[in-house]
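Inside the fold
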Amino acid sequence: MQTAFNPNLPGAGEGVRVFVKTLKHISDHVFSIKIIEPGRIAPTREMLDAIVNGDLEAAFTWSGYAAAKAPVLALFATVPFGPGPEEMTSWILEGDGGRLHRDAYDKLGVAGIPCGMQGPKGGGWFRGDLDTPQDFKGERLRYGHIAAPVIERMGATVVPLPAGDFFYQLQQGHVDGGEMSTPAMDAALGFDKLGLPYYMPGWQQPSAVLDFLMRKDKWEALPKAQRAQIETACRANITWMLSRSAHTQALAMEKLRAAGVTIKQWSPEMLDALRKSTEIVLKERADADPEFGAAWTDQRKFIAQGTDWRTLSRLP
């Protein structure tokens, strides 16, 4: 099983190792998965094709990497101002999200099992202050997926960069800023050494689903009990990541502050402008792709049903 995440890094990387360990345990060693590091057999973005072609038996990845083939999967990967990790999990396990996720992968010839839940990203690292919407104009920024056209509407230029290149390009001033990952991941990658402010919250990705993939015929050839073991290990992995994330990110924020990083919050004016731009971008995608539009409507309706309870049940 090739992974999209370095197994030595916190969060998604740790989740790879925990999933493999859990599956081995609950299957009484029937399943023993060898983890292949990112890029060893296939480029990360091409792992799905490698599975369909038989070059890989399985993959542990991020829903967003398949969004180019099935745009609806972007709704599980990165929805600016969208559901947080708890709401996303609920939509998948209790709402229609699980069916929509399964059907999208099924059309691509693979079985896709939700197998991890990443919490919010940081808002990004920037070489200059971004205090008003006008400050985005002319900025060269690294953002991806739905967030990219959002900041383009704000006047910024999107610079597509692989995650591994972002640190160097930002350090050298070839880009002005952008998103990387969660605080724990950013701290582990040494972004605190850049001497740049770190913005919060991560409006561009409040949550992200991680997936276990197998070719459809290989999956269906497994005994029903073994498929259930994989699904159970994946649900356990989601629970583990949800329970660990908040504390892990809190410790990372302490580390970043101790290293001298200035933590800045987006202004209400900025968040309002980003939210309005996001609504326009999402509506354009929904109008262009009926499958995306139907799933987006379903996701918003499901999350809205819980708004009253969340407001009334949480202490001020």
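Before any of the text, the structure's been laid out above.
Residues numbered from 1 in each chain as written. Predicted model: local features only at pLDDT ≥ 70, side-chain atom pairs only at ≥ 80, totals over all residues. Heavy atoms only, no water.

1. Some thoughts on the overall build of the chain
Across its full length, the chain carries 13 helices and 10 strands. For a compact globule of 316 residues, the expected C-alpha radius of gyration is about 20 Å, and the chain comes in at 19 Å, within 12% of that figure. Along the three orthogonal principal directions, the C-alpha set of the chain runs to about 55 × 40 × 40 Å. When burial is assessed residue by residue, the chain has 51% of its 316 residues classed as buried. Across the chain, contacts joining residues at least 24 apart in sequence account for 76% of those joining residues at least 6 apart. With an accessible surface of roughly 14900 Å², the chain has 51% of that area assigned to carbon and sulfur atoms. The positive charge centre, built from 35 side chains, and the negative charge centre, built from 37, are 3 Å apart in the chain. (Helix = DSSP H or I, 4+ residues; strand = E, 2+ residues; numbered from the N terminus. Rg over C-alpha atoms; globule rule 2.2 N^0.38 Å. Buried < 20%, exposed > 50% of the residue type's maximum accessible area, 1.4 Å probe, protein only. Contact = heavy atoms within 4.5 Å. Areas by Shrake-Rupley, 256 points an atom, 1.4 Å probe, with all protein chains shown as cover. Lys, Arg positive; Asp, Glu negative; His and termini not counted. Charge placed at Lys NZ, Arg CZ, Asp CG, Glu CD.)

2. Here's the deal with the sheet that holds strand 1 (residues 2-3)
Strand pairing in a sheet is mediated by backbone hydrogen bonds. Such pairs are either parallel or antiparallel. An order of 1-2-9-3 is seen for the 4 strands of this open sheet, with the pairing classed as mixed. In this open sheet, the two strands that pair with only one neighbour each are strand 1 and strand 3 (110-118). Here strand 1 runs beside strand 2 (residues 58-62); their pairing, made up of 2 bridges, is parallel. Residue T3 lies in a different strand from strand 2, and its bridge partner there is F60. Strands in contact with helix 4 (residues 85-94) are strand 3 and strand 9 (208-215); relative to strand 3, the strand with the most contacts, it is inclined by about 150°. (Pairing = 2+ DSSP bridges. Axes fitted to C-alpha atoms, helices over the stretch in contact; angles between N-to-C directions.)

3. Section: the layout of surface pockets
To locate leftover empty space, one rolls a probe as large as a water molecule over the atoms. By volume, the largest pocket amounts to about 920 Å³. Lining the largest pocket are 34 residues, with Y65, R142, P162, A163 and M180 sitting closest to its centre. Take the lining of the largest pocket: its biggest share by element is 3 residues, from helix 7 (residues 163-171). For the lining of the largest pocket, a count of residues per class yields 20 nonpolar, 10 polar and 4 charged. Surrounding the second largest pocket, 21 residues form its lining, R102, G112, I113, P114 and E231 being those nearest its centre. Only helix 4, helix 5 (97-107), strand 3, helix 9 (216-221) and helix 10 (224-258) provide two or more residues apiece to the lining of the second largest pocket. Taken together, the residues of the lining of the second largest pocket sort by class into 9 nonpolar, 4 polar and 8 charged. (1 Å grid on protein atoms, 1.4 Å probe; cavity = no way out; pocket = protein on both sides within 12 Å on 5 of 7 lines; lining within 4 Å. Points joined across faces, edges and corners; volume = space filled by probe spheres on them. Nonpolar A, V, L, I, M, F, W, Y, C, P; charged D, E, K, R; others polar.)

4. Focus: the pattern of salt bridges
Inspection of every chain in the model, using the stated rule, returns 16 salt bridges. A salt bridge links D176 to R140; its shortest N-O distance comes to 2.9 Å. Taken as a pair, D176 in the loop between helix 7 and strand 7 (177-178) and R140 in strand 5 (residues 140-142) lie far apart in primary sequence, 36 residues in all. With a relative accessible area of 15%, D176 lands in the buried category. When its relative accessible area of 31% is taken as the criterion, R140 is described as partly exposed. As a salt-bridge pair, E279 and R300 come within 3.9 Å of each other at their nearest N and O atoms. Taken as a pair, E279 in helix 11 (residues 268-288) and R300 in helix 12 (residues 290-305) lie far apart in primary sequence, 21 residues in all. (Salt bridge = Lys/Arg side-chain N within 4 Å of Asp/Glu carboxyl O.)

5. Some details on the sheet that holds strand 6 (residues 157-158)
Overall, mixed pairing links the 6 strands, which are arranged 6-5-7-4-8-10 in an open sheet. Among the strands making up the open sheet, the edge pair consists of strand 6 and strand 10 (263-265). Where strand 4 (residues 124-126) lies against strand 8 (residues 198-200), 2 bridges are found, and the strand directions are antiparallel. Of the residues in strand 8, the one forming a bridge with G124 is Y199. Packed on one face of the sheet, helix 10 meets strand 4, strand 8 and strand 10 and runs near 140° to strand 8.

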